[in-house]
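# What the coordinates show
Here are the chains, one letter per residue:
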Amino acid sequence: MGTIPRCFTVTAMQIRVLFFGVLKDLAGHSWDLLTLPDEATAGDILEHYETRMPSLKGKLSSIAVSVNQEYCGPEAKLHSGDEVALLPPVSGGSARAAIVRERIDTAAELEKVKQPEDGAAVVFEGVVRNHSRGRRTLFLEYEAYEEMARKQMESLAEQALTQFQIRDVAVVHRLGRVEIGETSVLIIVASAHRAAAFEACRWLIDTLQRTIPIWKKEHFEDGAVWADGEPFPAGIGAGSQSRGALHPSE
């Protein structure tokens, strides 16, 4: 348990802090319990771990923070019992949204989505390839902040339904070990016309890869490394000064 010393004459509170992806490796564990003074903020937690984990110095602008499974900025005030997650850039996982650990059956998922009124059904599969970084890949391993990832995936699918002229969306992301040639993420968009389906599908995978808290570890013959994620959109990263809502234009 860590303690952040500050000159408050108020009662202390306990906060549960979660680590994912490369941050879990740096911390040496997946969670921590901090005792903080009242009026502490998410930024205080960032300062604490930047001091405790020197390797974080200069990287805070690429880290996102969530409080009780909602993205927030460093200024967010904390309360006793809050769950705070430190999230490295995600490596991307409606509406139908699902997180699974078994093989994804694309044909079966497509049959669940298609309806007679649809003129188009666009399918995107993220497939594990056999090479990366100039090295032969053996397999990938995915982990997630599951409760938040599922919630954010559902929200993303709902945004797509609202923003684009489409009828239905399915988003499925796999966790755990995924072998070469297997599907890690599946997106299906159904609509009356192909243009809207293509546009929505592209927006969904691009936004998913930047915002959903799912991380990928690449395993090679001579070791393993967490994949570099894309930067979080403005308003989500720990370097932001205010909260920001996701929007298809970002």
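Each remark here, short or long, concerns the structure printed above.
Quick summary incoming for the structure in this document. (Residues numbered from 1 in each chain as written. Predicted model: local features only at pLDDT ≥ 70, side-chain atom pairs only at ≥ 80, totals over all residues. Heavy atoms only, no water.)

## A closer look at the pattern of salt bridges
Note the following rule: When a carboxyl oxygen of Asp or Glu lies within 4 Å of a side-chain nitrogen of Lys or Arg, that pair is called a salt bridge. Throughout, exposure labels follow a simple rule: accessible area from a 1.4 Å probe, protein chains only, divided by the maximum for the residue type, with under 20% read as buried, over 50% as exposed, and the rest as partly exposed.
Applying the stated rule across the entire model yields 15 salt bridges. A salt bridge links K24 to E143, with the shortest nitrogen-to-oxygen separation between them at 2.7 Å. Residue class for E143 comes out buried when judged on its relative accessible area of 15%. For E70, the salt bridge goes to K151, with nearest N and O atoms at 2.6 Å. Look at the salt bridges and you will find they share partners, linking R101, E146 and R150 into a network.

## Re the sheet that holds strand β13 (residues 183-191)
Stated precisely, the cut-off is as follows: By the convention used here, strands pair only if DSSP detects at least 2 bridges between them. For helices the rule is a DSSP run of H or I covering at least 4 residues; for strands it is a run of E covering at least 2, with both sets numbered from the N terminus onward. Here, axes are lines fitted to C-alpha atoms. For helices the fit covers the stretch in contact, and angles between N-to-C directions go from 0 to 180 degrees. Contact definition: two residues touch when any of their heavy atoms are within 4.5 Å.
As summarised here, the arrangement of the four strands in space is β7-β11-β13-β8, forming an open sheet in which the pairing is mixed. Each edge of the sheet is formed by a strand with only one pairing partner; in this case those strands are β7 (96-100) and β8 (120-127). On average, adjacent strands in this sheet sit at an angle of 10 degrees to one another, irrespective of strand direction. Strands in contact with helix α4 (residues 146-163) are β7 and β11 (168-174); relative to β7, the strand with the most contacts, it is inclined by about 150 degrees. Of the strands in this sheet, β8, β11 and β13 are in contact with helix α5 (residues 194-211), which crosses β13 at around 150 degrees.

## What about unusual backbone geometry?
For E39, which is not a glycine, the phi torsion comes out positive at approximately 75 degrees. Structurally, E39 can be placed in the loop between β3 (31-37) and α2 (42-52). On the accessibility criterion, E39 (52% relative accessible area) is exposed. Phi is positive for Q69, close to 70 degrees, though the residue is something other than glycine. When you line up the elements, Q69 lands in the loop between β4 (64-67) and β5 (70-72).

## Things to note about the side chain of E143
Inspection of the secondary structure puts E143 in strand β10 (residues 135-144). In contact with E143, not counting residues within four places along its chain, are F20, G21, K24, L175, P213, I214, W215 and W226.

## Thoughts on the environment of S191
Mapped onto the fold, S191 is located in strand β13. With 25 residues separating them in the primary sequence, S191 and I166 have C-alpha atoms 4.4 Å apart. Those residues in contact with S191 that sit more than four places away from it in its chain are D118, G119, A120, Q165, I166, R167, A196 and A197.

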